[in-house]
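Per-entry structural report
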Amino acid sequence: MSDVAWPETLQGIIEEFKEADSEERLEMLLEFAMGMPDLPAELLSARDTMEQVHECQSPVFLLAKIDDGKVYYYLDVPREAPTVRGFAGILYEGLNGAEPAAILATPNDLYQRMGLHKVLSPLRLRGLTALLGRMKRNAQELGGGGPG
Amino acid sequence: MVEYAHPQVLVSTAWVAEHLNDPTVRIIESDEDILLYDVGHIPKAIKVDWQNELQDQVVRDYVNKEAFGKLIGDKGIGNDHTLVFYGDRNNWWACYALWVFKMYGHQDCRIMNGGRQKWIDEGRELTTDRPNHAAVTYTASGPDLSIRAFRQEALDHSNARKPLIDVRSPGEFSGELTHMADYPQEGALRGGHIPGAKNVPWGQAVAADGTFKTADELKALYEGNAGLNAGDDVIAYCRIGERSSHTWFVLTYLLGYPNVRNYDGSWTEWGNMVGVPIEKDV
């Protein structure tokens with residue numbers, strides 16, 4: 001286990017979800033779905049250079065870059081898939097700009113900590129976990145670290 | 001040209017647009033993605049969440065008759081309403097919701113042909129406003145188990161070599177996959193199909209624009225390819241009974257088969273049961 005703390009922004013979001021009831025959780029997820037920025041124009045036309053997250057039921061594309069030791073993600077999730085988009089929005093806001101080691105310290109059972117397992121189907125949750133897994137793997141590769 | 005057996009169960013997007021304010025009609029959206037309704041829905045449409053509302057949260061089953069009646073009445077749906085269901089993914093979940101409503105005895109249930117996608121493609125109005133239908137008292141009846149099959153009935157059907165239609169993808173049917181292609185594994189320990197079942201993937205009943213295929217095409221699909229005969233006693237199944245409720249709808253209402261049951265336990269039950277027979281093609 002690493003001693004590094006996982007990103008504080010993400011911890012804050014997870015905490016808010018944990019304290020909410022089921023209906024509020026879905027509303028918050030929807031807000032993250034609506035609030036997630038679209039891809040910048042130069043990536044919109046180059047989606048094929050991004051990694052597809054096949055575990056998600058909808059076409060989800062991911063790209064990570066490192067700048068000055070911090071990881072920046074670009075995520076493309078169709079608006080017709082608000083559940084996936086909401087979770088992607090949480091990870092986008094919670095992990096963007098964090099250092100690779102902090103991202104790698106993020107627990108894999110996020111959705112359980114957020115209480116989402118009570119409102120989403122197992123099928124969806126696996127896709128969401130896979131998205132986090134890929135984002136962590138990107139962070140690991142960009143950070144130049146071997147298997148932690 | 002053959003007609004649908006019960007053409008009144010299908011309404012067009014135009015029909016729905018004309019009946020948005022009809023007090024005898026309630027429009028119901030049921031989606032796989034349970035947030036989709038909140039992004040925008042047909043004006044006055046009521047959301048029914050298959051997962052958090054129709055299913056019991058403890059036992060693997062549907063909510064009971066009383067809970068169903070309360071849920072539906074609170075949404076402002078009365079026993080005499082004409083219900084029009086629509087949703088994402090070619091009305092897959094709309095058919096699932098309709099099936100549950102039929103199980104609890106709702107008389108007039110219809111599907112908006114083409115579903116959510118067709119409505120959007122036609123540039124029709126969407127809103128995020130929630131409907132404010134006043135709550136009413138709804139009296140559910142049943143459950144009508146003539147449309148629902150349990151595992152023992154599926155086993156009896158298999159042993160007697162009566163028609164079973166497996167509506168999953170060919171890869172799931174053959175046993176190569178234990179889940180849908182591109183979908184994550186959802187907990188079936190064994191792959192394959194119920195012995196004797198014929199494979200007709202549910203989506204084959206739908207045309208490119210999301211509407212149901214013609215009666216002629218459906219007949220060719222189920223009677224030609226899969227060897228069903230009109231009036232057969234059929235059990236349809238898939239993974240958890242959602243895709244097969246779509247096929248149940250097609251066989252029952254569009255082709256007019258009087259004895260079709262949906263085995264909602266489906267592969268997530270069969271593929272985990274100890275000792276039941278399984279056929280594999282790989």
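Everything in this summary refers to the structure shown in the same document. (Residues numbered from 1 in each chain as written. Chains lettered and ligands numbered in written order. Predicted model: local features only at pLDDT ≥ 70, side-chain atom pairs only at ≥ 80, totals over all residues. Heavy atoms only, no water.)

The next point concerns the side chain of R148 of chain B. All names here are of chain B. Along the chain, R148 turns up in strand 6 (residues 148–149). With relative accessibility at 7%, the residue R148 sits in the buried group. A distance of 2.9 Å separates a polar atom in the side chain of R148 from a polar atom in the side chain of D61. Ignoring anything within four residues of it in the chain, the contact list for R148 reads D61, Y62, W99, M103, E153, R261, N262 and D264. (Helix = DSSP H or I, 4+ residues; strand = E, 2+ residues; numbered from the N terminus. Buried < 20%, exposed > 50% of the residue type's maximum accessible area, 1.4 Å probe, protein only. Polar contact = N/O pair within 3.5 Å; in protein donor to acceptor, adjacent residues only side chain to side chain. Contact = heavy atoms within 4.5 Å.)

Residue and element names in this part refer to chain A. One open sheet holds the 3 strands; their spatial order is 1-2-3, and the pairing between them is antiparallel. The sheet is open, and its two borders are formed by strand 1 (51–52) and strand 3 (70–76), each paired with just one other strand. Inspection of the sheet shows strand 2 (residues 61–67) paired to strand 3 by 7 bridges, in the antiparallel sense. Counterpart to L62 in the pairing with strand 3 is L75. (Pairing = 2+ DSSP bridges.)

Bringing the pairing of strand 4 (residues 82–86) of chain B into the picture now. Walk down a regular strand and you will see the side chains alternate between the two sheet faces. Residues and elements named next belong to chain B. The buried fraction of strand 4 is high, at 5 of 5 residues. Along strand 4, one buried face is formed by T82, V84 and Y86 and the opposite face, lined by L83 and F85, is buried too. Direction of pairing for strand 2 (residues 25–29) relative to strand 4: parallel, over a ladder of 5 bridges. Counted as the bridge partner of V25 is T82 from strand 4. Direction of pairing for strand 4 relative to strand 5 (residues 109–112): parallel, over a ladder of 3 bridges. Directly across from L83, in strand 5, lies its bridge partner C109. With respect to chirality, the unit in which strand 4 leads through helix 5 (residues 88–103) into the neighbouring parallel strand 5 is right-handed. (Right-handed = clockwise from strand over helix to strand, strands pointing away.)

Time to look at the side chain of R26 of chain B. Residue and element names in this part refer to chain B. The residue R26 is located in strand 2 in this model. Despite its burial, R26 pairs with no opposite charge, the nearest such side chain being D22 at 7.6 Å. At 2.8 Å, the side chain of R26 and the backbone oxygen of G76 are in polar contact. The contacts of R26, once residues within four sequence positions are left out, are I46, G76, I77, H81, T82, L83, V84 and H133. (Lys, Arg positive; Asp, Glu negative; His and termini not counted. Salt bridge = Lys/Arg side-chain N within 4 Å of Asp/Glu carboxyl O.)

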